[in-house]
Amino acid sequence: MNITFEEMKQWDSKDELKDFRKEFYINENSIYLDGNSLGLLSKRAEQALLDMLESWKNLGIDGWMKGKNPWFYFAEKLGELSAPLVGARKEEVIVTGSTTSNLHQLLATFYEPNGRRTKIVADALNFPSDIYAIQSMLKLKGYDPSEHLVQVESRDGRLIDEQDILFSLNEEVALLILPTVLYRSGQLLDIQKITQEAHKHGILVGWDGCHSVGAIAHQFHDWEVDFAYWCNYKYLNAGPGGVGALFVHEKHFGRTPGLTGWFGSKKEKQFDMEHHFTPAETSGTYQIGTPHIFSMAPLLGSLGMFDEVGMEKIRKKSLHQTRILMDLIEQELSEYHFVIANPTEDARRGGHVSLEHPEAARICKSLKEYGVVPDFRKPSIIRLAPVALYTTYEEIFQTIEILKKIMKEKHYEKFSNEREVVA
Ligand SMILES: Cc1ncc(COP(=O)(O)O)c(C=O)c1O
Ligand SMILES: Nc1c(O)cccc1C(=O)C[C@H](N)C(=O)O
């Protein structure tokens, strides 16, 4: 089996999503494989932002209740449009906050230490911001994180063994917080199974969906996930600092949020300005202050595309593209000591390929000089993310050709093997 450029061209011509690429601002002199960190701008997202500026221009304060998308209901509207991506009821999702601030909110709400049940289990490979949030919540509640945060270790520094997660669950654990897809190795955890097992021990489960929402379909409602939170600026292309989202299962509706603010009020009550908080009866209650309308607007345009395509086709193409990328790595780069760090089975990998190499930091710099945009994660990972809505098969082939040239000519040696400030 030898993968050829001709074959790539054929895949591109047969690609049922190919027209979506035309909707994005693509630099044709560059190959963008960093959509798992910051997705590209689409014309629809741009237009949605311009429309919001128009509302402000023409309506002033009346923009809250008038115009194409009244600001007062915008977070709920975006929540409803996001719900199919994660398999949620429309009231279960709200677009608000950031990944980290939403985790703070959800911990403040769902971490209820009681008797011996005081611990939070997380994994040792999660994104640092999640761990900082857990540590700070434990401290706020008077618990020492070194005792009450249990981090499931990795056996190989890349992956987390699901059995090890399950072994860590017992009657001392109040909450389990995990990423759906690990940000470095791209490992996809079995969300349904882990959630079910945790529930058997009376543990609530929260999922960080940053590296899966928009790349992989979920069924958070049916899987009885207690809560989840994610950003919209990666696979969902809502722009730098784009507002994030959270899911709370409807079985938990009626709880008072740990952190309250007037935008979490029942809509009809909010402007009564009472000093008694009347919570919204949906996930909308987890909002705190005034929504960041201009940082939410691009998501509206972007979600239109996801609605047209559906997650199934996106995941299918993503799996196919990452499979071809892995096959090409094996075919073309076998002599250069790369290790594919992500699990290779479809059911266990996310949307990016994770390539390990001792010279990773400078290989990334070299790729960028040749117009390929990957990213680097310490200590030695190159992440390559083909994005179903805009990456072509030709680009995948060209990336590997460029990488081969860099390795053959040792082009990377002209750079230092250290990360950039923003890697
Ligand atoms: C898995 C994961 N969790 C948390 C974060 C932090 O997100 P934010 O900076 O939007 O709070 C990120 C990305 O930055 C991430 O990838
Ligand atoms: N959130 C980011 C940022 O503000 C600047 C640069 C990158 C990011 C990222 O999203 C990094 C990303 N979460 C990661 O998986 O590493």
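Residues numbered from 1 in each chain as written. Chains lettered and ligands numbered in written order. Predicted model: local features only at pLDDT ≥ 70, side-chain atom pairs only at ≥ 80, totals over all residues. Heavy atoms only, no water.

1. Comments concerning the nonpolar core
Put simply, the rule reads: Throughout this description, the term nonpolar core refers to a set of buried Ala, Val, Leu, Ile, Met, Phe, Trp, Tyr and Cys residues connected via side-chain atoms within 4.5 Å. Throughout, exposure labels follow a simple rule: accessible area from a 1.4 Å probe, protein chains only, divided by the maximum for the residue type, with under 20% read as buried, over 50% as exposed, and the rest as partly exposed. A run of H or I in DSSP counts as a helix once it spans at least four residues, and a run of E counts as a strand once it spans at least two, with each numbered from the N terminus. Note that the domain bounds were set by an automatic or database domain assignment. Should any heavy atoms of two residues lie within 4.5 Å, those residues are counted as being in contact.
The biggest cluster of nonpolar side chains holds 90 residues, and the ones touching the most others in it are Leu-176 and Trp-230. Considering each element in turn, this core owes the most residues, 8 residues, to helix H10 (residues 293-309). The two domains that each donate at least three residues to this core are domain 1 (5-32 + 310-414) and domain 2 (48-308). Beyond its immediate sequence surroundings of up to four residues, Trp-230 is in contact with Val-86, Val-93, Thr-99, Gly-209, Cys-210, Val-213, Phe-220, Leu-236, Gly-244, Ala-245, Leu-246 and Phe-247. Ranked by size, the runner-up nonpolar core spans 32 residues in total, among them Tyr-336, Phe-338, Ile-363 and Ile-382.

2. Re the pattern of salt bridges
We apply this condition: Any Lys or Arg side-chain nitrogen located within 4 Å of an Asp or Glu carboxyl oxygen qualifies as a salt bridge.
Summed over all chains, the structure comprises 35 salt bridges. We note a salt bridge from Lys-90 to Glu-91, for which the minimum N-O separation is 3.1 Å. According to the relative accessible area criterion, Glu-91 is partly exposed, its value standing at 30%. For Lys-251, the salt bridge is made with Glu-224, and the minimal N-O distance between the two is 3.1 Å. With Lys-251 in the loop between strand E8 (245-248) and helix H9 (267-270) and Glu-224 in the loop between strand E6 (204-208) and strand E7 (227-230), the pair connects residues that are 27 residues apart, well separated along the chain. Relative accessible area serves as the criterion here: at 37%, Lys-251 is assigned to the partly exposed category.

3. Quick word on the site of ligand 2
The line we're drawing: Think of it this way: one heavy atom of a residue within 4 Å of a molecule or strand is enough to make that residue near it. What qualifies as a polar contact is a pair of N or O atoms within 3.5 Å, subject to a donor-acceptor requirement within protein and to the restriction that residues adjacent in sequence count only when both atoms come from side chains. The Shrake-Rupley method, run with a 1.4 Å probe sphere, supplies the accessible areas, and residue values consider only the shown protein chains as cover. Charged residues are taken to be Asp, Glu, Lys and Arg, nonpolar residues to be Ala, Val, Leu, Ile, Met, Phe, Trp, Tyr, Cys and Pro, and polar residues to be all remaining types, Gly included.
Every residue near ligand 2 is listed here: Ser-37, Phe-127, Tyr-183, His-211, Tyr-233, Lys-234, Arg-377, Arg-383 and Val-422. Within the side chain of Lys-234, a nitrogen or oxygen atom sits 2.9 Å from a nitrogen atom of ligand 2. Here Arg-383 contributes a side-chain N or O atom positioned 2.8 Å from an oxygen atom of ligand 2. Protein coverage of the free-state accessible area of ligand 2, which is 380 Å², stands at 65%. Residues belonging to the shell around ligand 2 are distributed by class as follows: 4 nonpolar, 2 polar and 3 charged.

4. Section: the pairing of E6
Using the following cut-off: Pairing between two strands is assigned when DSSP locates at least 2 bridges connecting them. Whether a crossover is right-handed comes down to one check: with the strands pointing away from the viewer, does the path from the first strand over the helix to the second run clockwise; if it does, it is right-handed.
Counting buried positions along E6 gives 5 out of 5 residues, so the element sits mostly inside the fold. Every second residue of E6 is oriented toward a common face, with Leu-204, Gly-206 and Asp-208 on one face and Val-205 and Trp-207 on the other, all of them buried. The pairing of strand E5 (residues 173-179) with E6 spans 5 bridges and is parallel. Within E6, the residue paired with Leu-175 across the bridge is Leu-204. The parallel pair E5 and E6, bridged by helix H8 (residues 191-200), forms a crossover whose chirality is right-handed. Sheet topology note: the E6/E7 ladder contains 3 bridges and is parallel. Looking at the pairing, Trp-207 lines up with Ala-228 of E7.

5. Examining the UniProt feature "modified residue: N6-(pyridoxal phosphate)lysine" (unreviewed entry) in the protein chain
Defined as follows: UniProt positions are given in the numbering used here, feature names are shortened, and annotations may be inferred rather than shown by experiment.
In the numbering used here, UniProt assigns the "modified residue: N6-(pyridoxal phosphate)lysine" (unreviewed entry) feature to Lys-234. Inspection of the secondary structure puts Lys-234 in the loop between E7 and E8. The contact partners of Lys-234, leaving out residues within four places of it in the chain, are Gly-35, Asn-36, Ser-37, Leu-38, Gly-39, Cys-210 and His-211.

6. Concerning the UniProt feature "binding site: pyridoxal 5'-phosphate" (unreviewed entry) in the protein chain
When the UniProt feature table is mapped onto this chain, "binding site: pyridoxal 5'-phosphate" (unreviewed entry) is found at Thr-99, Thr-100, Phe-127, Pro-128, Ser-129, Asp-130, Asp-208, His-211, Tyr-233, Trp-262 and Thr-290. For this annotated set, covering 192 residues, the C-alpha atoms extend up to 30.5 Å from each other, a dispersed arrangement in space. Looking at the element boundaries, Phe-127 is found in the loop between strand E3 (119-123) and helix H5 (128-140). On the basis of relative accessibility, which here comes to 38%, the residue Phe-127 falls in the partly exposed class. Tracing the chain through its elements places Pro-128 in helix H5.

7. As for the environment of Pro-386
Mapped onto the elements of the fold, Pro-386 is located in the loop between strand E13 (381-384) and helix H13 (393-408). Its relative accessible area of 2% is what places Pro-386 among the buried residues. Along the primary structure Pro-386 and Pro-374 are separated by 12 residues, whereas in three dimensions their C-alpha atoms are 9.8 Å apart. Aside from chain neighbours lying at most four places away, what touches Pro-386 is Leu-33, Gln-321, Thr-322, Leu-325, Gly-351, Thr-391 and Ile-396.

8. Focus: the domain arrangement of the protein chain
Convention followed: Joining two parts hides part of their accessible area as seen by a 1.4 Å probe, and the buried area is that hidden amount summed over both.
Here the protein chain is partitioned into domain 1 (5-32 + 310-414) and domain 2 (48-308). On the domain 2 side, the residues contacting the 28 residues of domain 1 number 22 residues. The largest contributions to the domain 1 side of the interface with domain 2 come from Met-311, Arg-348 and His-352, which together make up 24% of the buried area. Where domain 1 touches domain 2, the interface holds 1 salt bridge. Between Glu-356 and Arg-158 there is a salt bridge; the shortest N-O distance is 2.7 Å.

9. Here's the deal with the packing of helix H1 (residues 5-14) against H13
What counts is decided by this rule: All axes are obtained by fitting lines to C-alpha atoms, using only the stretch in contact for helices, and the reported angles, taken between N-to-C directions, cover 0 to 180 degrees. The cut-offs work like this: below 35 degrees is roughly parallel, past 145 is roughly antiparallel, 65 to 115 is roughly perpendicular, and the gaps in between are oblique.
H13 packs onto H1 with a crossing angle of 155° between their chain directions and a minimal axis gap of 7 Å. Classed by the angle they form, the pair H1 and H13 counts as roughly antiparallel. In contact with Phe-5, Met-8, Lys-9, Trp-11 and Asp-12 of H1, H13 contributes Tyr-393, Glu-394, Phe-397 and Gln-398. Classifying every residue of the contact of H1 with H13 by side-chain character gives 5 nonpolar, 1 polar and 3 charged.

10. Focus: the sheet that holds E3
The strand order across the open sheet formed by 7 strands is E2-E8-E7-E6-E5-E3-E4, and the pairing between neighbours is mixed. In this open sheet, the two edge strands, each paired with only one partner strand, are strand E2 (93-95) and strand E4 (149-152). Each strand of the sheet is rotated relative to its neighbour by a mean of 20°, with strand direction disregarded. With 4 bridges connecting them, E7 and E8 associate as antiparallel partners. Paired with Tyr-229 across the bridge in E8 is Leu-246. Where helix H3 (residues 74-86) meets the sheet, its contacts fall on E2 and E7, and the angle it forms with E2 comes to roughly 125°.

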